[in-house]
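Spelled out, the chains give:
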Amino acid sequence: GENVEQHPSTLSVQEGDSAVIKCTYSDSASNYFPWYKQELGKGPQLIIDIRSNVGEKKDQRIAVTLNKTAKHFSLHITETQPEDSAVYFCAAGRGWGRRALTFGSGTRLQVQP
Amino acid sequence: NAGVTQTPKFQVLKTGQSMTLQCAQDMNHNSMYWYRQDPGMGLRLIYYSASEGTTDKGEVPNGYNVSRLNKREFSLRLESAAPSQTSVYFCASSEGVQNQPQHFGDGTRLSIL
């Protein structure tokens, strides 16, 4: 089955700096790569996703890059703000059924004002 | 828009007791999922329902059963709770076609003494 590794487990940045979270996956058949943000006491919320036919996707301050050859993908947050503080999860999968998604172990991002 | 609603939000059980966690979605999604979230381990799939009338095992199904009551509702049952099942349980739903995002509820925090 799929195995997703996520690094780092914790990340502290100053407000206004950039943050980068990296994930690697093992199943070459995976073709869907979402990122979720989880705030304390809440469920994961989708912030951006990318499909295997695209190398990069951007939405305002958030961008995701995908390297299918190397089997890794990354989340980039620019101009970080205190409200970006949360736990971020990457996931990889085939988008449906039992192998829909396998999640990474999460990154706790702390943005210092 | 309620999205995915889970009840209860919190529950404490004694070892050996049984309990059903409820989940309902109002997005007319075909697929529904149950995950558990443990510290440092991300989310792991317990069971899923690809469409109304079907259910199938995920990564960690032992000790659980599910029922897809109708298109909206997907319940998770613990027949004889064990301390190892102390966790936060999340329900999610998706359209059920390839590469569509999953939408999560806010979870049920379950403690088993």
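Keep in mind the model is a prediction, meaning the values are calculated, not measured.

Chemist: Is there a simple way to explain the overall build of chain A in this structure?
Modeler: The secondary structure content of chain A amounts to zero helices and eleven strands. Element order for chain A, N to C, with α for helix and β for strand: β-β-β-β-β-β-β-β-β-β-β. Radius of gyration (C-alpha) of chain A: 13 Å, near the 13 Å computed for a compact globule of 113 residues. Dimensions of chain A, computed from the C-alpha atoms along their principal axes, are close to 40 × 30 × 20 Å. The 113 residues of chain A split such that 46% are buried. Residue pairs in contact within chain A that sit at least 24 positions apart in sequence constitute 53% of those at least 6 positions apart. Total accessible area on chain A stands at roughly 5,600 Å², and carbon and sulfur atoms take up 45% of it. For chain A, the centre of its 13 positive side-chain charges and the centre of its 12 negative side-chain charges are spaced 9 Å apart.

Chemist: Help me out: how do you make sense of the overall build of chain B in this one?
Modeler: Along chain B, the regular secondary structure elements total zero helices and eleven strands. From first element to last, N terminus to C terminus, chain B shows the α and β order β-β-β-β-β-β-β-β-β-β-β. In terms of overall size, chain B behaves like a compact globule, its C-alpha atoms giving a radius of gyration of 13 Å where 113 residues would be expected to give roughly 13 Å. Principal-axis analysis of the C-alpha atoms gives chain B an extent of 40 × 25 × 25 Å. Taken across its 113 residues, chain B has 49% of its residues classed as buried. Split by element, the accessible area of chain B, about 5,200 Å² in all, is 47% carbon and sulfur. With 10 positive and 9 negative side-chain charges, chain B shows a separation of 6 Å between the mean positions of the two kinds.

Chemist: Got a minute to help me understand the sheet that holds strand S6 (residues 56-59) of chain A in this structure?
Modeler: Strand pairing in a sheet relies on backbone hydrogen bonds, with the paired strands running either antiparallel or parallel. All names here are of chain A. Judged by pairing direction, the sheet is antiparallel, and its five strands sit side by side in the order S1-S3-S8-S7-S6 without closing on themselves. This sheet does not close on itself; its edge strands, each paired only once, are strand S1 (4-7) and S6. The mean inter-strand angle of the sheet, taken between neighbouring strand axes irrespective of direction, is 15 degrees. Here four bridges tie S1 to strand S3 (residues 19-25), and the two strands are oriented antiparallel to one another. By the bridge assignment for S3, Glu5 is matched with Thr24.

Chemist: Can you help me understand the state of the cysteines in this one?
Modeler: Think of a disulfide as a covalent bridge from one cysteine sulfur atom to another cysteine sulfur atom. Per the stated rule, a full pass over the model turns up two disulfides over all chains. The residue that forms a disulfide with Cys23 of chain A is Cys90 of chain A, at a sulfur-sulfur distance of 2.0 Å. Disulfide Cys23 of chain A-Cys90 of chain A: the torsion about the S-S bond is -100 degrees, which places it as left-handed. A residue pair is termed long-range when its members are at least 10 positions apart, and Cys23 of chain A in strand S3 and Cys90 of chain A in strand S9 (residues 86-92) qualify at 67 residues. You can call Cys90 of chain A buried: its relative accessible area is 0%. Each disulfide pairs two cysteine sulfurs, and for Cys23 of chain B the partner residue is Cys91 of chain B, the sulfurs being separated by 1.9 Å.

Basis of the calculations
- Residues numbered from 1 in each chain as written.
- Chains lettered and ligands numbered in written order.
- Predicted model: local features only at pLDDT ≥ 70, side-chain atom pairs only at ≥ 80, totals over all residues.
- Heavy atoms only, no water.
- Helix = DSSP H or I, 4+ residues; strand = E, 2+ residues; numbered from the N terminus.
- Rg over C-alpha atoms; globule rule 2.2 N^0.38 Å.
- Buried < 20%, exposed > 50% of the residue type's maximum accessible area, 1.4 Å probe, protein only.
- Contact = heavy atoms within 4.5 Å.
- Areas by Shrake-Rupley, 256 points an atom, 1.4 Å probe, with all protein chains shown as cover.
- Lys, Arg positive; Asp, Glu negative; His and termini not counted.
- Charge placed at Lys NZ, Arg CZ, Asp CG, Glu CD.
- Pairing = 2+ DSSP bridges.
- Axes fitted to C-alpha atoms, helices over the stretch in contact; angles between N-to-C directions.
- Disulfide = S-S within 2.5 Å.

Just distances and angles here, no functional claims.
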